[in-house]
Amino acid sequence: MSKHVVMVVKSSVYGDVRALAAARALATAGYQVAIYGEGRRANVPTRAMLESGIDVALVPVVATWRRVFRGLWQLLRGDIGQTTVNLKSTNLLSLFFFNLWLLRLLWARKIDILHCHNFPPYPAAWLLAKLKRAKLVYDAHENAPSLASGRKAQLVARVESWLLPRTDAVITVGERLADALKARGAREVVVVGNWKRAQDYRFDEQALADKRAALGLSDYAVIITYLGSLDPNRSLLPLLEAVAQSPNVGLLIGGRGSLEQDVQAAAQRFPNVRFLGWVDEREAAMCNALADAIYCCLREDAAERGGNVYFAMPNKLFEAFAAGKPTLATRGAGEMSEVLERNGAGILLDEVTPETLKGVFAQLQDPATLTRLQAAARQAGQIYHWDVAAARLLAAYEELAGA
């Protein structure tokens, strides 16, 4: 009889690449998988059945006090309804209601293994696992204490340190974060990277040429792609300025975030900037495949060592490896920088400015340099391959299922 796996993640699920990849691997292996997330965007289905029978449910968001009574009434009825809000950020109130919804909906559901993504649902997940006599998996995408500050960060660290030794399995994205979780009490940590399958990033050359033409990018000497969070810590403003000053360089950029209006304005002003908004996984794969290089310059500061950027192993890095494209990154920013330097699969910048970026664009226009970097990226993609990560995930689950 197949085991019932319930994943809980405080995200809108459909854009949560890591949670979906894990769910697909488990479902393909024969587990019955359901994912419970948060309805953060209007007009998104709150109930869905994905491939391999993955059941998705998004619970209502209550982020303002004026929605509390309505939210409580929905909670009492157990009716998740339809999404009606577009929420860019959450707060303690929404976290409280999210955990209440998990307790409300999952109490009556069969659960053999409860898979908790990140810290926000961790306390409720631990309680549910105890009450349901289910195994508990904690999946740390990020270093939880670094996402808060002051007393809140201290509280998160204390709660996580109490929960970690009481958790049946802990998995995470990289070696640095694995070491930190062990230091905080995890008995054993399995690294299941945000790695990708190279075959998902292979496209017919004519299809790529047609896509470049459709985007108006065919005539540029170099194409840079950035798809992700449009936030200040991604060093996007220097990128936009550098591309604006480089008429032979095309930029393909997409995502959501606080800099979205700045990106839209640049796309309207400069003919070599293309803004796509939010794109799905398959579209993102093609956009990475048609590029010459992938941009992922996270900001790191000496005062932030030990902060979340220090642990960074972003999806962008492994998308670049799978697509066989070099990554443009900040030296010393996260474990990502270490991986790139070890594999020679990118260009590391000591300082991210329009001038240094224009120097990088010039390097990428040298055919020998570009060929060498892309070959190194393809080789790294064979090491950091999703099949390896999925095998580690399934081995951890098999151990839980047999315990």
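Calculation criteria
Residues numbered from 1 in each chain as written. Predicted model: local features only at pLDDT ≥ 70, side-chain atom pairs only at ≥ 80, totals over all residues. Heavy atoms only, no water. Buried < 20%, exposed > 50% of the residue type's maximum accessible area, 1.4 Å probe, protein only. Helix = DSSP H or I, 4+ residues; strand = E, 2+ residues; numbered from the N terminus. Pairing = 2+ DSSP bridges. Right-handed = clockwise from strand over helix to strand, strands pointing away. Phe/Tyr/Trp six-rings, centres within 6.5 Å; stacked < 30°, edge-to-face > 60°. Lys NZ or Arg CZ within 6 Å of the ring centre and 35° of its normal. Axes fitted to C-alpha atoms, helices over the stretch in contact; angles between N-to-C directions. Parallel < 35°, antiparallel > 145°, perpendicular 65-115°, else oblique. Left-handed = near helix turned anticlockwise from the far one by under 90°. Contact = heavy atoms within 4.5 Å. Salt bridge = Lys/Arg side-chain N within 4 Å of Asp/Glu carboxyl O. Arc of directions from axis to C-beta. Lys, Arg positive; Asp, Glu negative; His and termini not counted. Polar contact = N/O pair within 3.5 Å; in protein donor to acceptor, adjacent residues only side chain to side chain.

> I'm lost on the pairing of strand E9 (residues 222-229) in this one. Help?
Remark: a regular strand shows side chains that alternate across the two faces of the sheet. The element E9 is largely enclosed, with a buried count of seven among its eight residues. As paired elements, E9 and strand E10 (residues 249-256) share eight bridges and run parallel to each other. Considered in E10, the bridge of Gly228 is made with Gly255. For the crossover that starts at E9, traverses helix H8 (residues 236-244) and ends in the parallel E10, the hand is right-handed. Pairing of E9 with strand E12 (residues 293-295) involves two bridges; the strand directions are parallel. Residue pairing for E12: Ile224 is matched across the bridge by Ala293.

> Would you explain the packing of aromatic side chains in this entry?
For any pair of aromatic rings, geometry is given as the distance between the ring centres together with the angle between the planes. Counting across every chain of the model gives twelve aromatic pairs. Considering the side-chain rings of Trp126 and Trp162, the 5.1 Å spacing of their centres and the 75° angle between planes classify their relative orientation as edge-to-face. Taken together, the residues Trp126 in helix H4 (residues 122-132) and Trp162 in helix H5 (residues 150-163) connect sequence positions 36 residues apart. Each member of the aromatic cluster is reached from another via a ring pair, and the members are Trp195, Phe318, Phe321 and Tyr384. Across from the ring centre of Trp107, 5.7 Å away, lies the NZ or CZ of Lys132, which sits over that ring. If you follow Arg176 out to its NZ or CZ, it ends over the ring of Tyr310, 4.2 Å from the centre.

> What exactly am I supposed to notice about the packing of H8 against helix H13 (residues 354-364) here?
H13 packs onto H8 with a crossing angle of 60° between their chain directions and a minimal axis gap of 8 Å. By the angle class used here, H8 and H13 are oblique. Crossing handedness for the pair H8 and H13: right-handed. In this structure, H8 uses Pro238, Leu239, Glu241, Ala242 and Val243 to contact H13, whose residues at the interface are Pro354, Leu357, Lys358 and Phe361.

> When you look at the pattern of salt bridges in this model, what are you seeing that I'm missing?
Oppositely charged side chains may form a pair once their charged atoms are brought near each other. Applying the stated criterion to the full structure yields 17 salt bridges. A salt bridge links Arg109 to Asp55, with the nearest nitrogen and oxygen atoms 3.5 Å apart. Linking Arg109 in the loop between helix H3 (92-106) and strand E5 (113-117) with Asp55 in strand E4 (residues 55-59), this pair joins segments that are 54 residues apart in sequence. Given the relative accessible area of 26%, Arg109 is considered partly exposed. Judged by relative accessible area, which is 17%, Asp55 ranks as buried. Across the pair Glu338 and Arg342 runs a salt bridge, and its minimum N-O distance is 3.6 Å. A residue pair is termed a helical-turn pair when its members lie 3 or 4 positions apart in one helix, as Glu338 and Arg342 do in helix H12 (residues 334-343) at four residues. Residue classification places Arg342 among the exposed residues on the basis of a relative accessible area of 53%.

> Explanation requested: the sheet that holds strand E1 (residues 4-9) in the structure shown.
Adjacent strands of a sheet pair through backbone hydrogen bonds, lying either parallel or antiparallel. Pairing is mixed across the open sheet formed by eight strands, whose spatial order is E3-E4-E2-E1-E5-E6-E7-E8. Each having just a single partner strand, strand E3 (47-49) and strand E8 (189-191) make up the two edges of the open sheet. Across the sheet, the axes of successive neighbouring strands diverge by a mean angle of 20°, strand direction being ignored.

> Got a minute to help me understand helix H2 (residues 68-77) in this structure?
Of the residues making up H2, those classed as buried are Val68, Gly71, Gln74 and Leu75. In an axial view of H2, the angular spread of the buried residues amounts to 125°, which keeps them on one side of the axis. H2 presents Phe69, Arg70, Trp73 and Leu76 as exposed residues on the side facing more than 90 degrees away from its buried surface. Here the buried face of H2 lies against H3. Downstream of H2 by one or two residues, Gly78 has phi in the positive range, about 70°.

> What is the right way to read unusual backbone geometry from this model?
Leave glycine aside and you will find that most residues have negative phi; peptide bonds, for their part, are mostly trans. If you check the backbone angles, Asn118 has positive phi at about 70° while not being a glycine. Inspection of the secondary structure puts Asn118 in the loop between E5 and H4. The phi dihedral of Ser235 is positive, around 55°, even though this residue is not glycine. Its location among the elements puts Ser235 in the loop between E9 and H8.

> Got a minute to help me understand the side chain of Asp16 in this structure?
Inspection of the secondary structure puts Asp16 in the loop between E1 and helix H1 (17-28). Here Asp16 occupies a buried position and makes no salt bridge, while the nearest side chain of opposite charge, Arg18, is found at 7.0 Å. A polar contact of 3.1 Å, which involves the side chain of Asp16, links it to the backbone nitrogen of Ala19. Setting aside chain neighbours within four positions, we find Asp16 in contact with Val9, Ser11 and His141.

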